[in-house]
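Listed below, chain by chain, are the residues.
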Amino acid sequence: MTQGNSGAQNKLGELFVDFGTKGVGGLLKNLNTVSASFLLGKNAANQFAQTLTKPIKEAGNAAVAAGKLSTQLATSYKEAYRLQMYLKQKNTSEGLLNELAGIQKVFADMEMGTGDWGDVAKAFGFLGLNVQSYNSSLESMLQLTEDVRKATAGLDNVKSNQILRMLGLSNEWRYFWERGGNLKDSALISDAVVEENIRAAEAMAKLHDSLKEIGYDGHNLELYLVRLLFCLFADG
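Per chain, residues are indexed from 1 in the order of the written sequence. Under the rules for a predicted model, residues below a pLDDT of 70 receive no local features and side-chain atom pairs below 80 are neither given nor counted, while totals for whole chains, interfaces and linings still include all residues. Computation of side-chain values covers all heavy atoms of the structure but excludes hydrogens and water.

A. Geometry of the environment of alanine 101. Each helix is a run of DSSP H or I of at least 4 residues and each strand a run of E of at least 2, with the numbering of both proceeding from the N terminus. Tracing the sequence through the fold places alanine 101 in helix α5 (residues 95-112). The buried label goes to any residue with under 20% of its type's maximum accessible area, the exposed label to any with over 50%, and the partly exposed label to all in between, with areas taken from a 1.4 Å probe on protein chains only. According to the relative accessible area criterion, alanine 101 is buried, its value standing at 9%. Residues alanine 101 and leucine 73 lie 28 residues apart in sequence; the distance between their C-alpha atoms is 5.5 Å. Residue contacts are defined here by distance: any two heavy atoms, one from each residue, within 4.5 Å place the two residues in contact. Contact partners of alanine 101, with chain neighbours within four places excluded, come to Gln72 and Leu73.

B. Seen up close, the side chain of serine 70. The residue serine 70 is located in helix α3 (residues 42-72) in this model. Of the residues examined, serine 70 reaches a relative accessible area of 12% and is grouped as buried.

C. Structural context of the pattern of salt bridges. We count a salt bridge whenever a side-chain nitrogen from Lys or Arg sits within 4 Å of a carboxyl oxygen from Asp or Glu. Scanning the model with the defined rule gives seven salt bridges in all. Between aspartate 191 and lysine 78 there is a salt bridge whose closest N-O contact spans 3.7 Å. Highlighted residues: aspartate 191 in helix α10 (residues 191-213) and lysine 78 in helix α4 (residues 77-89), separated in sequence by 113 residues. For aspartate 191, a relative accessible area of 37% translates into the label partly exposed. Residue lysine 78 is classed as partly exposed on the basis of its relative accessible area of 25%. Arginine 82 is the salt-bridge partner of glutamate 79, the closest N and O atoms lying 2.8 Å from each other.

D. Structural context of empty space enclosed by the protein. Here a cavity denotes grid points, spaced 1 Å and computed from the protein atoms alone, that fit a 1.4 Å probe unable to get out, and a pocket denotes an open set having protein on both sides within 12 Å along at least 5 of 7 lines; residues with an atom within 4 Å of a point are the lining. Grid points are joined across faces, edges and corners, and a volume is the space filled by probe spheres set on the points. Taken as a whole and assessed by the stated rule, the structure comprises one cavity of 30 Å³ or more. One number sums up the size of the largest cavity: a volume of about 40 Å³. Those elements that provide at least two residues to the lining of the largest cavity are α5 and α7 (138-152). For the lining of the largest cavity, the element with the highest residue contribution is α7, accounting for three residues.

E. Unusual backbone geometry, seen in detail. Of note, the phi angle at alanine 74 is positive, near 55°, even though the residue is not glycine. The phi torsion at asparagine 91 lies on the positive side, around 55°, for a residue other than glycine. Within the secondary structure, asparagine 91 is located in the loop between α4 and α5. Exposure remark for asparagine 91: the relative accessible area of 52% places this residue in the exposed category.

F. Examining the packing of aromatic side chains more closely. A pair of aromatic rings is counted whenever rings of Phe, Tyr or Trp (Trp by its six-membered ring) have centres within 6.5 Å, and the orientation is called stacked for planes under 30 degrees apart, edge-to-face for over 60 and tilted otherwise. Enumeration according to the criterion identifies seven aromatic pairs in this entry. Measuring from centroid to centroid gives 5.8 Å for phenylalanine 124 and tyrosine 134, while their planes differ by 85°, and the two rings are edge-to-face. One end of the pair, phenylalanine 124, is in helix α6 (residues 119-127); the other, tyrosine 134, is in the loop between α6 and α7, and 10 residues separate them in sequence. The same class applies to phenylalanine 124 and to tyrosine 134, which are both buried. Ring pairing ties together the aromatic residues Tyr86, Trp173, Phe176 and Trp177, which thus form one cluster.

As structure tokens, this is what we get:
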């Protein structure tokens, strides 16, 4: 044990002794003058603080991203969030949905007579798929990704990657498919679970905004949450 860690532990012990004699008020007053790095050691404090703040930050980002995706994919906020949840389960990024929105736009433009197929038609021809079998609806796009998965399954990596690029899709789709991913399976996530996660994310995002309004953001937010956690620990 290093001298710094020993000193931090001794100081922490003194704080909780003070709590026993002066109550929560005394502990809060003392904690306000103690940095998270002194309590835990610099590296551990940084990691610990980031772990505490990460869910709050991610909740806000997820809520905003779902809103944007619902517009891009022409679907409801709940359906966009359901797809987000499914991709997270497969340990893949939400960027796949942005790419899906890109190819969806190609179909939408063609339906409006304002675009051209470009490399998409060439890729479809190579895969033996018919562009007329699909439309710009989200349901059709989800089916398309599964059909592309099946059609590229027998190709080598070089050809598969080239086909994906022609469709405006990244190589991450191959990783997603290798993990058994199928966006149509997102429907297996019940409405109740999706709605519960949306409520939780919105509550976390609201907490983040409220804390930011009173000056707790970045390092200040991390420090505040660490101190709060120690207070809760002591109270228990």
